Structures are given as structure tokens and as C-alpha cells.
Amino acid sequence: MKAIELEKAYEPKSFEDRIYNEWESKGYFKPVSDEKNPVHCQCAACNEKTNTYSVVIPPPNVTGVLHMGHGLNNTLQDIVVRYHRMKGDNTLWVTGTDHAGIATQNVVERQLKKEGKSRNDLGREKFIERTWTVKEDHHNTIVKQQRKLGNSTDWERERFTMDEGLSKAVRDVFVTLYERGLMYRGKRLVNWCPRCGTALADDEVDHEDTQGAMYHLYYEYADGSGKIEVATTRPETFFGDTAVAVNPKDERYKSIVGKMLKLPLTGKEIPIISDDYVDMEFGTGMVKITPAHDPNDWEVGKRHNLEVINLLTPDGRMNENVPEKYRGLKPEQARALVIEDLTAAGLFKGEEKMVHSVGHCYRCKTVVEPYLSDQWFVKMKPMADKALAAWKNGEIQFFPQKWENTYEQWLVNIRDWCVSRQIWWGHRIPVWYCQKCGEVIVSRTDPTKCPKCGCGAEDLKQDEDVLDTWFSSWLWPFSTLGWPADTDDMKKFYPTTALVTAYDIIFFWVARMIMAGLEFTGKAPFHDIYIHGLVRDKQGRKMSKSLGNGIDPLDVIDVYGSDALKFTLAFMCAQGQDVLIDKDSFKLGSRFCNKVWNASRYLLGNLEGRNLVPVTDADLTELDKWIYGRLNHAVKTAREALDSYRYNDAASALMEYFWNEFCDWYVEATKINFKNGDDKEKDRQASVLMNILEENLRLLHPYIPFVTEEIYGKLPLAEIAANRKAAGSQKIASNSDYVGMLINAPYPETASERDNEEISVRFETLKELISKTRALRTECGIDPAEKINIAILVEKASAAEVAREKVEMIQLLAGVAKVDFVEAKPASSIGTVGKGFESFIIVDENINKEQLIARFQKSIEKETGYARMSENKLNGNFAKHAPANLVEEEKERLAESQRKIKTLEGYLADLK
């Protein structure tokens with residue numbers, strides 16, 4: 001047959017887009033149960049043996065472009081999806097995007113601000129129209145990026161959290177919760193973002209350490225008998241104080257409980273009360289209680305029926321409940337003026353600088369204010385109890401397991417969820433208020449009249465608020481499959497199999513999805529929950545625009561290709577750890593893809609004049625059986641790792657097998673057969689290589705899908721399949737007769753017959769002998785191109801006896817001209833020892849003995865200097881004061897220098 005030519009250089013740009021379009025257009029991203037999939041089959045036998053594997057993508061926000069965190073998340077999903085598709089599972093990966101209420105509205109409002117406008121200038125309807133345009137622009141960019149990444153998602157099933165179907169699901173859930181008594185409206189203290197003008201849930205508040213102060217104030221007794229001292233970080237809020245509290249167990253203050261205090265600068269009086277909340281050891285043991293502006297004070301206020309006085313406007317300024325001179329000021333402005341006035345009145349003691357935790361809006365980073373307002377809340381405790389039970393019963397499983405503690409603690413300490421937002425972009429709350437009789441109407445459809453007084457729709461006013469973004473996201477695993485309708489997709493793919501997501505949204509999303517799934521479908525929405533780390537720079541910092549350390553996945557793909565990005569991220573993604581990278585990190589994946597390309601190019605180019613023939617187990621050499629054993633080990637490791645989401649373990653095993661064992665040992669060793677064998681042997685060897693290459697590409701495909709698909713399409717698949725069929729069923733040799741695109745080829749399976757312990761031990765010994773001989777010549781500074789003579793002393797009846805049978809392999813792979821087998825160490829030689837053997841380089845006329853002695857002496861001097869430096873450090877102050885890990889590293893350096901000195905002195909002794 002003719003040689004098959006691959007391009008000389010690996011150029012992913014030349015084929016990645018073409019291959020992706022072919023996968024998609026032919027329906028390979030669809031589950032096999034879908035009639036558009038080219039291997040669709042609905043026969044009873046296929047249905048009975050086919051498992052289902054379904055995943056929903058964490059929907060990216062339509063606020064911009066994907067970052068490297070998305071690149072990691074999408075890569076990990078694509079790997080397991082491709083793996084299960086190749087295993088023959090009925091596989092579905094649902095994609096889509098999130099409307100991201102506050103975040104997307106902020107994007108549009110920033111655009112308007114540049115134009116000198118606000119959302120109120122446009123009005124609600126026009127503002128929403130403009131936001132839809134922004135959504136479409138960002139969505140198109142995101143989809144382009146996902147295609148470039150190689151996401152094998154079913155695009156015809158793509159969803160958006162505000163599409164018609166999901167909007168119906170959101171309404172249904174809101175009304176159902178209301179009907180079950182789990183949704184209510186009430187005036188509560190909430191987290192308020194003055195910039196966004198909306199309430200936030202507890203987990204939408206980022207707490208950051210901020211420089212501030214503790215201010216000490218005096219409150220005078222109303223009867224003029226003295227004064228007390230209180231401390232606060234927010235002195236401007238004392239206008240909302242309705243009590244001062246002490247601990248009932250505090251003996252110092254039992255006599256004053258019930259006394260009245262004058263509230264400074266106001267003329268108001270407030271009582272001293274007792275409550276267990278007060279810490280007797282903190283400060284004076286007296287705490288000002290401001291129910292409208294502190295969550296703890298709110299709870300104290302409820303227990304003591306205290307008045308609740310709100311001091312802020314919705315945009316975060318002081319309101320009508322403060323003296324006139326402070327009205328309209330921002331809190332920090334009011335604070336400075338309050339301190340000035342208290343000082344003038346003799347009621348300010350002083351301040352202490354401190355760093356304390358301050359809540360900020362997770363979207364715009366504005367300081368969040370505790371704020372009293374009417375909001376809609378979901379009662380979470382009943383659903384949290386079900387979600388806890390599901391975990392304890394084994395219905396869900398976390399990978400890695402350590403995240404179970406985080407999940408449990410959040411559910412145990414859960415508070416009601418504030419779901420109403422005072423913005424315009426999002427799902428409008430399905431509640432109407434009758435303007436005539438005051439009836440509250442909660443409905444799945446828009447009402448046409450009031451059910452109480454009968455007035456028409458014109459007198460029904462819908463709630464102005466929208467729902468929290470996460471209120472649609474928590475329904476994602478089943479709403480995307482058609483719920484609340486009983487669709488075919490719901491029947492086939494729900495519950496989904498796995499969720500792959502980052503740890504920063506366990507609270508926002510993961511726990512809530514589990515609660516929603518149990519509440520509305522009666523089932524946990526997925527079983528496996530793989531929590532991966534975040535992508536950070538090499539210094540461990542989170543990637544951000546402000547730091548300028550972000551990496552655009554498309555930039556990496558443009559330089560190295562999609563496969564290089566995917567393989568690098570997976571290779572570096574160890575369970576429970578963040579991924580630390582820079583742009584150069586992706587050279588790792590690029591080098592591996594180049595290795596796969598160049599090795600395949602060599603093997604296909606060697607087919608010139610060869611005939612591919614059937615290969616049975618009996619036709620395999622010991623070398624062939626060894627590589628099949630290593631292939632079997634790689635398959636076993638990859639399958640076990642992928643089944644437990646240990647992506648880096650599988651990637652490491654694949655790289656070690658293909659690069660080291662297959663290319664550097666097996667392929668190199670087969671060159672002997674192509675050099676010395678007859679045509680029959682050459683045909684046999686070429687056929688074995690094609691069989692193994694074909695299986696290798698199937699093994700590697702989930703990690704590097706584009707390059708493997710491109711090479712796979714060049715293989716003489718028809719001939720390979722026909723020969724395998726002719727060879728019949730084999731235990732060791734490859735016997736799959738698949739012909740088609742690699743994306744749907746069967747993933748390699750393990751076969752116990754491929755494992756041969758005796759052959760494995762023999763070849764590992766042979767590899768050790770060759771490797772140590774190579775290392776020895778490197779230490780001697782002998783040019784790799786220089787052919788040397790060696791002698792080998794073999795321990796009788798040891799595995800090293802294999803060396804006598806594999807002299808040609810030793811000569812080829814160790815760069816040796818002549819091999820002698822000896823019973824004792826030869827004169828004028830340098831040796832290295834391994835299991836069952838000693839290998840000696842003969843220092844003859846081919847090697848300059850004097851230069852070698854000088855080299856060893858110089859190396860000894862250098863290592864002695866290093867050892868002396870290490871000893872000085874370990875005997876001095878360094879060992880006393882340095883961190884333990886650095887001291888240990890220094891000890892290891894000393895030990896390594898001492899080992900090298902001993903080895904080099906042995907070489908010198910041998911030469912002299």
C-alpha cells in the first residue's frame with residue numbers, strides 16, 4: 001500500500017473547525033436515542049444494554065465572554081461526556097446560558113451612563129428591549145467560544161433561563177411554593193445594595209476585610225444621674241437606636257435594667273434592656289440596639305418588641321428619620337458630622353482604628369447596607385432537611401468528599417431566601433394586587449379579573465419586582481429537559497448523572513438545585529457532584545481584569561490549539577486543588593499533541609510498500625505482548641480515574657503510556673524489525689503498529705479530540721477492520737472492527753489476557769538496564785552520537801537474563817556499538833548497578849580517559865562546594881529560624897550532593 005501522508009507540522013487551525021462542524025452536522029453530539037444521531041437505534045436489545053449519562057452545563061452569564069475558569073469547567077465536562085459516549089452510553093450534554101439579572105442589568109446601565117442616561121430615562125419596556133440586545137451579542141460570543149473549545153453539546157437542546165419553557169417553569173415553582181406555604185412576603189431586614197437598588201440574598205454578599213474604626217460614645221441617663229459608654233463601628237446609625245442592651249447575668253448592670261437613656265442629638269429617650277445576645281466580655285458589656293440596621297439587633301428587637309426605625313433611602317442616603325442637617329448625606333458623610341457634633345456635646349470619647357469584615361455586593365462591590373423593606377422569601381428549612389437526608393442516604397456523592405462538610409454546614413445553618421429583586425431584567429414576580437379590594441393574586445397565568453371583587457385586568461397591578469437569578473438557575477437540571485411537562489427527555493435523562501462545577505457556587509447553586517429537585521420532582525437532580533478548583537495565576541491569585549493576569553481561552557487556542565488547552569487544564573486539575581497557570585503552561589499540552597502527531601506521521605509514512613495482514617495472538621512477539629500489557633494498564637488506569645473524576649491521574653497515565661512506553665520504547669524497538677526483517681515480518685509489524693495506533697487514538701480521544709479525530713480519519717480503517725475480522729476474536733491483539741468517526745468509536749476495554757507478569761518484569765528490567773546505561777554515559781559527558789562499548793554482568797536466573805536475548809535492542813536504544821557479557825567487572829571500566837545486573841562502560845580508545853578523570857574531579861569539587869554550603873546553613877542560624885520545610889529541602893540538597901560525590905569518587909577509583 002501507499003504511505004499515508006500527514007502534514008509535516010502539527011497545525012490545529014487547519015482542521016479543528018472543519019472537524020467540529022462535521023461532528024455537529026452529522027449529529028454525533030446527540031444521544032443515541034435521538035433519531036438524528038447517525039447510530040440511532042431503538043431496538044429492544046440496544047435499549048436494554050444502553051446506560052444513560054446526562055450532564056447539564058453550569059450556564060455562563062450573558063454578561064461578557066468566557067474566562068479560563070469556564071475553559072476548565074467545560075473541558076472537564078467534555079472529557080467525561082466523550083468518554084461515556086464512547087462507552088456506548090446514551091449520552092446527553094445540555095448547554096445554555098443564564099440571564100444573570102443584576103450583572104446583566106449593570107452592564108446595560110453602565111452603557112447608558114456613558115450616554116448620559118439612566119434606565120428611568122428609557123422606561124421599563126425599552127430598557128428590557130435593550131437588555132435583550134446585549135444578551136444576544138454576549139450569547140453569540142459565548143457560543144463561538146464554546147465551539148472553539150470543542151464542547152460536544154447538543155446545540156438543538158440549548159436553553160436560556162428566560163426562554164419560554166424555563167419562564168413557565170419558574171412561574172409554576174413560585175406558585176407551587178406559595179400554595180405549599182413555602183413562599184411569603186414580609187417586611188424584613190435584608191442586605192441592600194444602594195448602587196443596584198435591590199435586595200440581595202445572604203450568599204450574594206462578599207465579606208472583605210476593610211479599614212475602619214471602633215467609636216466610643218456616651219449616652220446620658222434621662223434622670224441626669226450619669227452616663228454610660230457604648231461602642232460602634234457605625235455611629236451615624238445611633239439615630240435608629242431603640243434600646244441599649246446588657247446581659248441579664250451581668251451583675252454590674254442588674255440595677256439599671258429598665259432605666260431610660262437620652263439618645264444624643266435627638267431629644268428621644270430609649271430603655272436599657274437585658275438580652276443573652278450581649279457579650280459581657282466585649283467592651284463595656286453594653287450594646288446599642290438598632291433593629292433596622294443590624295441583623296443581630298433585628299433579632300433582639302423582635303424579642304423585645306422594639307420600634308424599628310429605618311434611616312436610609314433606597315439609594316443609601318440618610319432619610320427623614322434623622323435630624324434635618326444629616327438628611328441626604330451618604331453614611332460616611334453623616335458619620336464625620338455626627339462625630340463632630342458628639343464631640344461638641346461632650347459625648348464622644350474617642351476611636352480605635354481596626355480592620356473589620358464589611359459586606360459588599362457580589363456584582364458591583366458597593367458596601368451593602370442592612371435595610372428594612374418588603375420582600376418575597378422562600379422558607380428553606382423544610383427543603384434543606386430533605387437535601388440533608390438525600391446526602392446522608394447516599395442519593396448524592398461529592399468528589400472530592402471534603403465538600404460534604406461545606407454542604408452540610410450551609411444546610412444546617414440555612415436562613416430563608418430573599419428572592420425578590422428591585423430591578424427590571426429578570427422573571428417578573430407572578431403576583432398581582434387588586435387596586436380596588438386589595439386582593440393578592442398569585443397565578444401561573446396572567447389574571448383577567450380579580451377573583452374576589454370581579455374587577456377587570458386594568459385594575460390589577462403586577463408586582464414590580466423580579467426574581468433572583470438563582471431562582472431560575474436552581475431549576476436548571478429539570479427545567480432544561482422540559483419540566484413541568486412530562487417530556488421524553490425528562491423520562492430518559494432525569495435525574496441527570498453528574499454535575500461538574502467550581503466550589504465557589506456550592507451555596508448559590510448546587511445545594512439549591514438539590515433542594516429544588518427533591519421538592520418538585522421527588523428526586524435529587526444528579527448523583528455525582530464533582531467540585532473542581534479555581535483557575536489562578538502562578539502566584540495563586542484569582543484571575544481578574546484589575547490584576548491584568550487573566551488568560552483568554554481563545555488566545556491560547558489561537559496559539560496552541562484547543563487540544564493543547566484541554567489536555568493542559570485536565571493534566572493540572574488535581575481533585576481538591578486550584579489550577580495555577582500562565583500562558584507558558586499550555587506548552588505542555590502542545591508538546592503532547594505534537595508528539596501524537598509526529599509519532600502517527602512516522603507510522604503512517606512507513607506504510608509505503610507494506611501490506612496490512614490479519615494478526616492473531618500467536619503472531620505477537622514478546623515485545624508486542626509487552627506493549628499490549630502497558631496499553632491494558634493505561635486503559636485500566638484511565639477508566640478508573642475517569643469513573644471517579646480524577647482527571648489529572650488519567651491524563652498522567654495517558655501521557656506516560658503514549659510518550660514513554662509506546663513511542664520512546666516500543667516504536668523505537670520495532671525499528672529493528674523494519675531494518676532486519678523480511679517482507680512478511682515487516683508486514684506483520686506494520687499491521688501490529690496500525691492496530692495499536694488505532695486503539696491508542698480511541699484511548700486518547702476524550703482528552704485531545706481534534707488531533708486524534710484528524711489522524712483517525714487518515715488511518716486505513718477498512719483494511720484494519722477487515723484484517724481484524726479475518727483474524728477472528730483475539731484475547732490480546734486488538735479486535736474491534738469499528739469503521740467511522742472516532743467520536744463514536746468504542747472506548748478501549750481492559751482484557752486480563754493482556755497482562756503477563758513475567759514479560760512485564762523482563763521488560764522493566766531491560767528498560768532499567770538501558771536507562772541506567774544512558775544515564776551513565778550522560779554523567780561521563782559522552783556525546784550521545786558516540787558509539788560506545790559496554791559489558792554486562794547478569795545475575796544468574798534473574799529477570800536480567802533478558803539482556804542476552806535483546807542485544808540488538810540494547811545497542812539501538814542505548815547507543816552501543818558492542819555488548820559483551822562478563823562474569824566480573826572488566827578492567828578500566830565504569831559501572832552502574834540495577835536489579836539483577838551491572839552495566840559497565842568500557843573506557844577504551846574510543847573514550848579520552850584523561851578528559852574523563854578531569855571531568856569527574858571538577859564535578860567532585862563543585863559538589864563538595866555545594867555540600868559545604870549546605871552544611872554551613874544547617875549548622876548555623878538557618879536551621880534554627882527557617883521554616884521546617886525549607887530546612888528539610890536543604891537536608892535533601894546535602895544528601896544529593898553527598899550521593900553524587902560518592903558516585904563520582906567510585907568512577908575515579910575505577911579509572912585509576
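Our structure's up above, just so we're on the same page.
Residues numbered from 1 in each chain as written. Predicted model: local features only at pLDDT ≥ 70, side-chain atom pairs only at ≥ 80, totals over all residues. Heavy atoms only, no water.

1. Examining the overall build of the chain
Summing up its helical and strand segments, the chain has 29 helices and 29 strands in all. Expressed along its principal axes, the backbone C-alpha trace of the chain runs to roughly 110 × 75 × 55 Å. In the chain, which comprises 912 residues, the share counted as buried stands at 55%. Counting only contacts in the chain whose residues sit at least 6 apart along the sequence, the fraction spanning at least 24 positions is 76%. (Helix = DSSP H or I, 4+ residues; strand = E, 2+ residues; numbered from the N terminus. Buried < 20%, exposed > 50% of the residue type's maximum accessible area, 1.4 Å probe, protein only. Contact = heavy atoms within 4.5 Å.)

2. Focus on the pairing of strand β29 (residues 837-842)
Of all 6 residues in β29, 5 are buried, a share of seventy percent or more. Pairing of strand β28 (residues 829-834) with β29 involves 6 bridges; the strand directions are antiparallel. Counterpart to Gly834 in the pairing with β29 is Phe837. (Pairing = 2+ DSSP bridges.)

3. Focus on the pattern of salt bridges
Pairing between side chains of opposite charge can happen when the charged atoms of each approach one another. The final tally for this structure, using the stated rule, is 72 salt bridges. A salt bridge links Lys365 to Asp206, with the nearest nitrogen and oxygen atoms 3.1 Å apart. Taken together, the residues Lys365 in the loop between β13 (348-361) and β14 (369-378) and Asp206 in strand β7 (residues 205-221) connect sequence positions 159 residues apart. For Lys365, a relative accessible area of 43% corresponds to the partly exposed category. (Salt bridge = Lys/Arg side-chain N within 4 Å of Asp/Glu carboxyl O.)

4. With respect to the packing of aromatic side chains
On inspection of all chains with the given rule, the structure shows 41 aromatic pairs. Taken together, a centroid distance of 5.8 Å and an interplanar angle of 5° make the contact between Phe15 and Trp597 stacked. Taken together, the positions of Phe15 in the segment before α1 (16-25) and Trp597 in helix α18 (residues 587-605) put the pair 582 residues apart, joining distant regions of the chain. For Phe15, a relative accessible area of 1% translates into the label buried. Among the residues examined, Trp597 registers a relative accessible area of 3% and is labelled buried. Aromatic pair Tyr530 and Tyr645: ring centres 5.9 Å apart, planes at 20°, arrangement stacked. With Tyr530 in strand β23 (residues 528-532) and Tyr645 in the loop between α19 (622-643) and α20 (647-676), the pair connects residues that are 115 residues apart, well separated along the chain. Each of the two residues, Tyr530 as well as Tyr645, counts as buried. Through pairs of rings, three or more aromatic residues link up here, namely Phe174, Tyr178, Trp376, Trp417, Phe471, Trp474, Phe478, Trp483, Tyr494 and Phe520. For Arg774, the ring lying beneath its charged end belongs to Trp665, and the centroid distance is 4.9 Å. (Phe/Tyr/Trp six-rings, centres within 6.5 Å; stacked < 30°, edge-to-face > 60°. Lys NZ or Arg CZ within 6 Å of the ring centre and 35° of its normal.)

5. Comments concerning the side chain of Ser420
Of note, Ser420 is situated in strand β17 (residues 420-421). Of the residues examined, Ser420 reaches a relative accessible area of 0% and is grouped as buried. Looking at Ser420, its side chain comes within polar contact range of the main-chain nitrogen of Trp376, at 2.8 Å. Beyond its immediate stretch of four places on either side in the chain, Ser420 contacts Thr198, Ala199, Gln375, Trp376, Ile429, Asp465 and Val466. (Polar contact = N/O pair within 3.5 Å; in protein donor to acceptor, adjacent residues only side chain to side chain.)

6. Remarks on the sheet that holds strand β6 (residues 198-200)
An order of β6-β5-β14-β16 is seen for the 4 strands of this open sheet, with the pairing classed as antiparallel. The open sheet has two free edges, formed respectively by β6 and β16 (417-418), since each of these has just one partner strand. Taken together, the 2 bridges between β14 and β16 define a ladder with antiparallel strand orientation. Its bridge partner being in β16, Phe377 is matched across the sheet by Cys418.

7. A few points about the nonpolar core
In terms of nonpolar packing, the biggest core is built from 143 residues, with Met68, Tyr647, Phe662, Tyr666, Tyr703 and Ile810 touching the most fellow members. Beyond its immediate sequence surroundings of up to four residues, Tyr647 is in contact with Leu76, Ile79, Val80, Val500, Tyr530, Ala570, Cys573, Leu642 and Tyr703. In terms of nonpolar packing, the next biggest core, distinct from the first, is built from 74 residues, Leu166, Leu182, Ile396 and Leu499 among them. (Core = buried A, V, L, I, M, F, W, Y, C linked by side-chain atoms within 4.5 Å.)

8. Thoughts on the side chain of Lys767
If you trace the backbone, Lys767 turns up in helix α24 (residues 757-779). Those residues in contact with Lys767, other than ones at most four positions away along the chain, are Trp626, Asn660, Glu661 and Trp665.

9. Concerning the packing of helix α6 (residues 124-149) against helix α16 (residues 553-560)
The geometry of α6 relative to α16 is characterised by a closest axis approach of 10 Å and an angle of 40° between their N-to-C directions. What the angle tells us is that α6 and α16 run oblique. In terms of crossing hand, the pair formed by α6 and α16 is left-handed. Counted together, Gln145, Lys148 and Leu149 of α6 and Pro553, Leu554 and Ile557 of α16 form the full contact between these two elements. (Axes fitted to C-alpha atoms, helices over the stretch in contact; angles between N-to-C directions. Parallel < 35°, antiparallel > 145°, perpendicular 65-115°, else oblique. Left-handed = near helix turned anticlockwise from the far one by under 90°.)

10. Describing the sheet that holds strand β27 (residues 816-822)
The strand order β27-β26-β29-β28 describes an open sheet built from 4 strands, whose pairing is mixed. At either end of the open sheet lies a strand with only one pairing partner, and these are β27 and β28. For this sheet, the mean angle separating the axes of adjacent strands, direction not counted, is 25°. Packed onto the sheet, α24 meets β26 (788-794), β28 and β29 and runs at close to 30° relative to β29.

11. Comments concerning the environment of Ile339
Note on placement: Ile339 falls in helix α9 (residues 331-344). Between the alpha carbons of Ile339 and Ala516 there is a distance of 49 Å; along the sequence they are 177 residues apart. When neighbours within four sequence positions are excluded, Ile339 is seen to be in contact with Tyr215, Pro235 and Phe348.

12. Some details on the packing of helix α10 (residues 381-392) against helix α15 (residues 506-521)
Between α10 and α15, the shortest axis-to-axis distance is 9 Å and the interhelical angle comes to 100°. Overall, the two elements α10 and α15 adopt an arrangement that is roughly perpendicular. In this structure, α10 uses Met383, Ala384, Lys386, Ala387 and Ala390 to contact α15, whose residues at the interface are Ile514, Met515, Leu518 and Glu519. Of the residues that constitute the contact of α10 with α15, the class distribution is 7 nonpolar, no polar and 2 charged. (Nonpolar A, V, L, I, M, F, W, Y, C, P; charged D, E, K, R; others polar.)

13. Quick notes on unusual backbone geometry
Here Trp483 and Pro484 are connected by a cis peptide whose omega angle stands at 15°. Within the element layout of this structure, Pro484 appears in the loop between α13 (476-479) and α14 (488-493). A positive phi angle, close to 55°, is found at Asn305, a residue other than glycine. Relative to the elements of secondary structure, Asn305 occurs in the loop between α8 (295-304) and α9.

14. Description of helix α11 (residues 403-412)
Taken together, the buried positions of α11 are occupied by Trp403, Glu404, Tyr407, Trp410 and Leu411. Here the buried residues of α11 occupy an arc of 135° about the axis, which is enough to place them on one side. The elements touched by buried residues of α11 are α10, β15 (397-399), α15 and β23. (Arc of directions from axis to C-beta.)

15. Focus: α18
Every α-helical turn comprises 3.6 residues, leaving residues that sit three or four positions apart pointing alike. With 19 residues, α18 should cover 27 Å at 1.5 Å per step; its first-to-last C-alpha distance of 26 Å lies within 8% of that length. The complete set of buried residues in α18 reads Leu588, Gly589, Ser590, Phe592, Cys593, Val596, Trp597, Ala599, Ser600, Leu603 and Leu604. (Expected span 1.5 Å × (residues − 1).)

16. Remarks on the environment of Leu265
Secondary-structure assignment places Leu265 in the loop between β10 (260-262) and β11 (269-274). Spatially, the C-alpha atom of Leu265 lies 9.8 Å from that of Phe238, the residues being 27 residues apart in sequence.

17. A closer look at the state of the cysteines
Here the structure, examined in full by the defined rule, presents 0 disulfides. Unpaired in this structure, Cys593 has its nearest cysteine sulfur neighbour in Cys663, at a distance of 13 Å. (Disulfide = S-S within 2.5 Å.)

18. Structural notes on the environment of Ala222
With respect to the secondary-structure elements, Ala222 resides in the loop between β7 and β8 (227-232). For Ala222, a relative accessible area of 30% translates into the label partly exposed. As for Ala222 and Met260, which are separated by 38 residues in sequence, their C-alpha atoms are 5.5 Å apart. In this structure, Ala222 is in contact with Met260, Leu261, Lys262 and Glu269, ignoring residues within four places of it in sequence.

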